[in-house]
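The chain contents come next:
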Amino acid sequence: NFDRAADLASRDALAKELLTPTRIYAQSLAPLIQGGKLKGLAHITGSGFLNVPRMSDKVSYDITLPPESERPKIYKWVRQASGLSFEELSQTFNLGIGMVAVCDPKHVESTLRALKRKGEKEWRIGTVTRRAPRKPCEVALHDGAQSVTLTY
């Protein structure tokens, strides 16, 4: 059953979502940066999670994405429509995570509260570990039953 009005409305909504500019987090993050709470930031833009090691390649990262139901629906559509593997998706898209902020474990809860007060959707998504000498930096990324380890 073809409903032209519904089809056009959904196409317009999709186009609007796909053309939404990259979010800028400066106002939300400035107080945390000035307060010395953050050890690193990675804006997850056009290179997906390839941006994470730019904070430091002396460590490795273990990231578990929040449930798909808590992230923007566009990423489910992109995954289904593109047919890309999870590895390809994670190196191309942010999968609903616009910014990764690293802080000392003792500052996690206060950092999350500060971001929430600024209107940000916030999650604790991972850990950072010192990597062994002569071992590459790794970003282990988990999304439900899917996992990939990106090596740098």
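Higher on the page you've got the structure.
**Brief notes about the overall build of the protein**
A tally of helices and strands in the protein yields five helices and six strands. Starting at the N terminus, the α and β elements of the protein follow one another as α-α-β-β-α-α-β-α-β-β-β. Here the C-alpha coordinates of the protein stretch approximately 60 × 35 × 20 Å along the principal axes. Within the protein, the proportion of its 152 residues that are buried is 32%. Surface exposure of the protein reaches about 9,900 Å², of which carbon and sulfur atoms provide 52%. The distance from the centre of the 23 positive side-chain charges to the centre of the 16 negative ones in the protein is 8 Å.

**A look at the packing of helix H2 (residues 26–34) against helix H5 (residues 108–117)**
As a packed pair, H2 and H5 sit with axes 9 Å apart at the nearest point and diverge in direction by 145°. For the element pair H2 and H5, the recorded crossing hand is right-handed. On the side of H2, the interface is formed by Ser28, Leu29 and Leu32, while H5 contributes Thr111, Ala114 and Leu115. Its residues assigned to classes, the contact of H2 with H5 comprises four nonpolar, two polar and no charged.

**Topic: the pattern of salt bridges**
Once the charged atoms of two side chains with opposite charge are near each other, the side chains can pair. Following the criterion strictly, the structure yields three salt bridges and no others. Put simply, Glu68 and Arg79 hold a salt bridge, and the shortest N to O gap is 2.8 Å. Here Glu68, found in the loop between strand E2 (59–64) and helix H3 (74–82), pairs with Arg79, found in helix H3; they are eleven residues apart in sequence, far enough to count as distant. Given a relative accessible area of 32%, Glu68 falls into the partly exposed group.

**A short note on the sheet that holds strand E4 (residues 126–130)**
Strand order in the open sheet formed by four strands is E4-E2-E5-E6, and the pairing between neighbours is mixed. The sheet is open, and its two borders are formed by E4 and strand E6 (146–151), each paired with just one other strand. Neighbour to neighbour, the strand axes of the sheet diverge by 10° on average, direction disregarded. As defined by bridge partners, strand E5 (residues 138–143) adjoins E6 across six bridges and the pair is classed as antiparallel. Residue pairing for E6: Leu141 is matched across the bridge by Val148.

**Some remarks on the side chain of Glu120**
Mapped onto the elements, Glu120 comes out in the loop between H5 and E4. Side chain to side chain, Glu120 and Arg23 meet in a polar contact 2.6 Å long. Ignoring anything within four residues of it in the chain, the contact list for Glu120 reads Arg23, Tyr25, Ser28 and Leu115.

About the criteria used
- Residues numbered from 1 in each chain as written.
- Predicted model: local features only at pLDDT ≥ 70, side-chain atom pairs only at ≥ 80, totals over all residues.
- Heavy atoms only, no water.
- Helix = DSSP H or I, 4+ residues; strand = E, 2+ residues; numbered from the N terminus.
- Buried < 20%, exposed > 50% of the residue type's maximum accessible area, 1.4 Å probe, protein only.
- Areas by Shrake-Rupley, 256 points an atom, 1.4 Å probe, with all protein chains shown as cover.
- Lys, Arg positive; Asp, Glu negative; His and termini not counted.
- Charge placed at Lys NZ, Arg CZ, Asp CG, Glu CD.
- Axes fitted to C-alpha atoms, helices over the stretch in contact; angles between N-to-C directions.
- Left-handed = near helix turned anticlockwise from the far one by under 90°.
- Contact = heavy atoms within 4.5 Å.
- Nonpolar A, V, L, I, M, F, W, Y, C, P; charged D, E, K, R; others polar.
- Salt bridge = Lys/Arg side-chain N within 4 Å of Asp/Glu carboxyl O.
- Pairing = 2+ DSSP bridges.
- Polar contact = N/O pair within 3.5 Å; in protein donor to acceptor, adjacent residues only side chain to side chain.

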